[in-house]
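# Secondary and tertiary structure notes
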Amino acid sequence: VIELIMVRFYTHGFHNFIYTLNYKKEYIKLFLRENNFSCKYNIDWVEESNFMGTAGSLSLLKDKIDDTFFVVNCDSLVDVDFEKILQWHKEHDAFMTILGCHNEVTIPFGVLELSDGRLERIAEKPVHDMIVNTGVYVMEPHVIDYIPGECFLDMNKLIEMVSEKERITVFPIYGDWLDLGQWAEYKKSLRYFEGLSLS
């Protein structure tokens with residue numbers, strides 16, 4: 001998966017990658033070393049001493065990042081033009097841009113809508129249209145200044161902190177996202193990978 005993420009970024013002109021490592025970090029470092037990626041990519045990593053969360057781990061990049069950068073959860077696969085997203089981010093003078101994917105969520109039950117305990121209406125298996133967070137972000141380097149030291153911090157908390165003072169935009173996509181952290185999506189991704197070549 002991380003190889004595919006790098007391939008997709010490289011296709012759009014990006015070749016510098018920094019990994020924040022904790023879980024199974026020795027396996028990941030071995031994979032990165034043994035696959036001779038250095039001929040294409042500039043790869044570096046930082047290691048957490050404790051689990052710091054997606055946002056918390058960014059504090060380890062303070063001396064490594066001095067320009068606009070992407071953050072990508074490695075269980076999130078998107079097939080998009082990253083250069084176009086970066087351009088959108090710059091044109092909107094954003095401090096942070098969240099890549100959002102249109103999604104329809106069906107509630108598999110009849111939903112009761114109440115008012116003071118009295119039934120107003122029943123919606124049978126309603127479908128909710130929404131834009132969901134893909135776990136892909138564009139950030140300005142000063143975003144790291146919002147992270148209070150080397151501590152645990154989830155991305156949603158960082159977004160809340162930043163949004164109080166800075167401009168955050170959302171770049172919407174439609175359907176080109178696989179969330180490998182969800183079992184159903186993971187099984188779907190296996191079928192997707194069967195016909196995929198990384199060469």
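Coordinates for the structure precede this section.
As the structure is a computational prediction, the values presented were derived from the model and not from experiment.

## A few points about the packing of helix H1 (residues 2-11) against helix H2 (residues 25-34)
Two elements in contact, H1 and H2, have axes separated by 11 Å at closest approach and are oriented at 50 degrees. With respect to H2, the axis of H1 lies oblique. The residues of H2 that touch H1, namely those facing Ile2, Glu3 and Met6, are Ile28, Phe31 and Leu32.

## Overview of the sheet that holds strand E9 (residues 168-173)
What the 4 strands build is an open sheet, ordered E3-E8-E5-E9; its pairing is mixed. Each end of this open sheet is capped by a strand with a single partner; those strands are strand E3 (69-72) and E9. Geometrically, the sheet is characterised by an average inter-axis angle of 40 degrees between neighbouring strands, direction not taken into account. Relative to E9, strand E5 (residues 96-106) is paired through 6 bridges, and the arrangement is parallel. Within E9, the residue paired with Met96 across the bridge is Ile168.

## Looking at the nonpolar core
The biggest cluster of nonpolar side chains holds 26 residues, and the ones touching the most others in it are Phe70, Phe82, Ile85 and Leu99. Where this core is concerned, the elements lending two or more residues are H1, strand E1 (16-21), strand E4 (76-78), helix H4 (82-91), E5, strand E8 (127-139) and E9. With 6 residues, H1 is the single largest residue contributor to this core. Aside from chain neighbours lying at most four places away, what touches Phe70 is Phe9, Phe14, Phe82, Ile85, Leu86, Val136, Tyr137 and Val138. Among the nonpolar cores identified, the runner-up in size contains 23 residues, and Leu60, Phe95, Met96 and Ile98 belong to it.

## Comments concerning the pairing of E1
Residues Phe17, Tyr19 and Leu21 line the buried face of E1, whereas the alternating positions Asn16, Ile18 and Thr20 sit on a face that is not buried. When E1 meets strand E2 (residues 42-47), the two strands line up parallel, connected through 6 bridges. Each residue of the ladder has a partner; that of Tyr19, found in E2, is Trp45. With respect to chirality, the unit in which E1 leads through H2 into the neighbouring parallel E2 is right-handed.

## Examining the packing of aromatic side chains
On inspection of all chains with the given rule, the structure shows 10 aromatic pairs. Note on Phe14 and Phe70: the rings are 5.5 Å apart at their centroids and 80 degrees apart in plane angle, and the pair reads as edge-to-face. Of the two residues, Phe14 is situated in the loop between H1 and E1 and Phe70 in strand E3; the sequence distance between them amounts to 56 residues. A centroid spacing of 5.6 Å and a plane angle of 85 degrees characterise the contact between Phe70 and Phe82, whose relative ring orientation is edge-to-face. Remark: Phe82 occurs in helix H4 and Phe70 occurs in strand E3; sequence separation between them is 12 residues. One exposure class covers both Phe70 and Phe82, and it is buried. An aromatic cluster of three or more residues is present, and its members are Phe9, Tyr10, Phe14, Phe17, Tyr41, Phe70 and Phe82.

## A short note on the side chain of Glu140
Structurally, Glu140 can be placed in the loop between E8 and helix H5 (155-163). Looking at Glu140, its side chain comes within polar contact range of the side chain of Thr68, at 2.8 Å. Residues in contact with Glu140, not counting those within four places in the same chain, are Thr68, Phe69, His89, Lys90, Ala94 and Phe95.

## Describing the pairing of strand E6 (residues 110-115)
A regular strand carries its side chains on alternate faces of the sheet. Bridge count for E6 against strand E7 (residues 118-124) is 6 bridges, and the pairing is antiparallel. Across the sheet, Glu113 pairs through a bridge with Arg121, a residue of E7. Between E6 and E7, which follow one another and run antiparallel, lie 2 residues, and Asp116 among them has a positive phi close to 55 degrees.

The rules behind these values
Here, residues in each chain are numbered from 1, in the same order as that chain's written sequence. Local features in a predicted model are, by the rule used here, given only for residues with pLDDT of at least 70; side-chain atom pairs are given and counted only at 80 or more, and totals for whole chains, interfaces and linings are based on all residues. Only heavy atoms go into the side-chain values, all of them from the structure, while hydrogens and water stay out. Here an angle of 0 to 180 degrees is reported between the N-to-C directions of two axes, which are lines fitted to C-alpha atoms, with helices fitted over the stretch in contact. In this description a helix means any DSSP run of H or I spanning at least four residues, a strand means any run of E spanning at least two, and both kinds are numbered starting from the N terminus. Each angle gets one of four labels, with under 35 degrees taken as roughly parallel, over 145 as roughly antiparallel, 65 to 115 as roughly perpendicular, and the rest as oblique. Only heavy atoms enter the contact rule, under which two residues are in contact if any of them lie within 4.5 Å. The pairing criterion is simple: DSSP has to find at least two bridges between the two strands. What is meant by a nonpolar core is a set of buried Ala, Val, Leu, Ile, Met, Phe, Trp, Tyr and Cys residues, joined one to another through side-chain atoms within 4.5 Å. Note on classification: 1.4 Å probe, protein chains only; a residue is buried when its accessible area is under 20% of the maximum for its type, exposed when over 50%, partly exposed between these limits. The handedness rule is simple: strands pointing away from the viewer, and a clockwise path from the first strand over the helix to the second, make the crossover right-handed. Aromatic rings from Phe, Tyr and Trp, with only the six-membered ring used for Trp, were paired whenever their centres fell within 6.5 Å, and each pair was classed as stacked if the ring planes differed by under 30 degrees, edge-to-face if by over 60, and tilted otherwise. Polar contacts, as counted here, are pairs of nitrogen or oxygen atoms within 3.5 Å of one another; within protein the pair requires one atom able to donate a hydrogen and one able to accept it, and residues that are adjacent in sequence qualify only if both atoms are side-chain atoms.

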